[in-house]
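Observations on the three-dimensional arrangement
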Amino acid sequence: MADKKLKGASAAASQLAKAPETKAEEPASRPISPFRELDRMFDSLLARDWMHPLRWERMSSLEPRMPRVDILDKDTEVVLRAEIPGIEREDLDVSVTDRTVTIKGESHKETRQEEGEYYRCEISHGSVLRTVELPCDIDADKAKANFRNGVLELTLPKVKEAHRRRLDIQS
């Protein structure tokens, strides 16, 4: 009798093994998204406070910042404007080649005795560095620079005047 029960149980088990998978089981068998897996790995490997914004600010003060620039391509010249707040004119170094402009600068931290503890300290001190490629060849010997209110403006005459001409589109 016990043999009949065992044979019946093994037959039922083999039928279950042969049965098609139900839709409820499919999500568990789907592959995990690689992006979700990366997020999970980063969350498990890195401490939560490592991503704190103040830590990023401290780390970023170790490397030079990149000033924001506007480049205007005119017919006879290229005008470059760069935002460089907190740096004095004497602490700027600008070099020009035929196709690039490099802007370097460094701000010096004031040393003064403060009483009390800082509640917030956001004023950054450090350096700026950026090399920008120009849209055309310029005459570096005739370049002019002006620095006012934290904005550096370079006027860079073109080697050849860009002749713009309107083209008629034919059908």
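Here's a quick rundown of the structure. (Residues numbered from 1 in each chain as written. Predicted model: local features only at pLDDT ≥ 70, side-chain atom pairs only at ≥ 80, totals over all residues. Heavy atoms only, no water.)

**Some thoughts on the overall build of the chain**
Summing up its helical and strand segments, the chain has four helices and seven strands in all. Put simply, the chain runs from its N terminus to its C terminus through helices and strands in the order α-α-α-α-β-β-β-β-β-β-β. Per-residue burial for the chain yields a buried fraction of 15% across its 171 residues. Looking at the chain alone, contacts between residues at least 24 apart form 57% of all its contacts between residues at least 6 apart. Accessible area of the chain: about 15200 Å², with a carbon and sulfur share of 51%. (Helix = DSSP H or I, 4+ residues; strand = E, 2+ residues; numbered from the N terminus. Buried < 20%, exposed > 50% of the residue type's maximum accessible area, 1.4 Å probe, protein only. Contact = heavy atoms within 4.5 Å. Areas by Shrake-Rupley, 256 points an atom, 1.4 Å probe, with all protein chains shown as cover.)

**Remarks on the sheet that holds strand β5 (residues 127-133)**
One open sheet holds the three strands; their spatial order is β3-β4-β5, and the pairing between them is antiparallel. Looking at which strands have only one partner, the edges of the open sheet turn out to be β3 (92-96) and β5. Here the average twist between neighbouring strands, direction ignored, is 5 degrees. Of the strand pairs in this sheet, strand β4 (residues 100-106) and β5 are connected by seven bridges, and their pairing is antiparallel. Note on β5: the bridge partner recorded for K104 is L129. (Pairing = 2+ DSSP bridges. Axes fitted to C-alpha atoms, helices over the stretch in contact; angles between N-to-C directions.)

**Some points on the pattern of salt bridges**
Counted by the stated rule, this structure contains six salt bridges. One salt bridge in this structure joins E90 and R89, with 3.6 Å as the shortest N-O distance. (Salt bridge = Lys/Arg side-chain N within 4 Å of Asp/Glu carboxyl O.)

**Section: the sheet that holds strand β7 (residues 151-157)**
On the basis of which strands lie adjacent, the open sheet formed by four strands has the order β1-β2-β7-β6 and antiparallel pairing. Every other strand in the sheet has two partners, leaving β1 (69-73) and β6 (144-148) as the edge strands with one partner each. Across the sheet, the mean angle separating the axes of adjacent strands is 15 degrees when strand polarity is ignored. Both β6 and β7 contribute to a ladder of five bridges, which runs antiparallel. Residue A145 lies in a different strand from β7, and its bridge partner there is L154.

**Remarks on the environment of G126**
Inspection of the secondary structure assignment puts G126 in the loop between β4 and β5. Placed 18 residues apart in sequence, G126 and H108 show a C-alpha to C-alpha distance of 7.1 Å. Once residues lying within four places of it in the same chain are set aside, the contact partners of G126 are G105, E106 and S107.

**A short note on the side chain of T102**
Along the polypeptide, T102 turns up in strand β4. Here T131 takes part through its side chain, which lies 3.1 Å from a polar atom of the side chain of T102. (Polar contact = N/O pair within 3.5 Å; in protein donor to acceptor, adjacent residues only side chain to side chain.)

**Details of unusual backbone geometry**
At N149, a position not held by glycine, the phi torsion is positive, near 55 degrees. Its location among the elements puts N149 in the loop between β6 and β7.

**Here's the deal with the side chain of K158**
Mapped onto the elements of the fold, K158 is located in the segment after β7. By relative accessible area, K158 is classed as buried at 10%. Reaching out from K158, the side chain makes a polar contact with the backbone oxygen of K74 at a distance of 2.6 Å. If we skip the residues at most four places from it in the chain, K158 touches D73, K74, D75, T76, E77, V78, C136, D137, I138 and D139.

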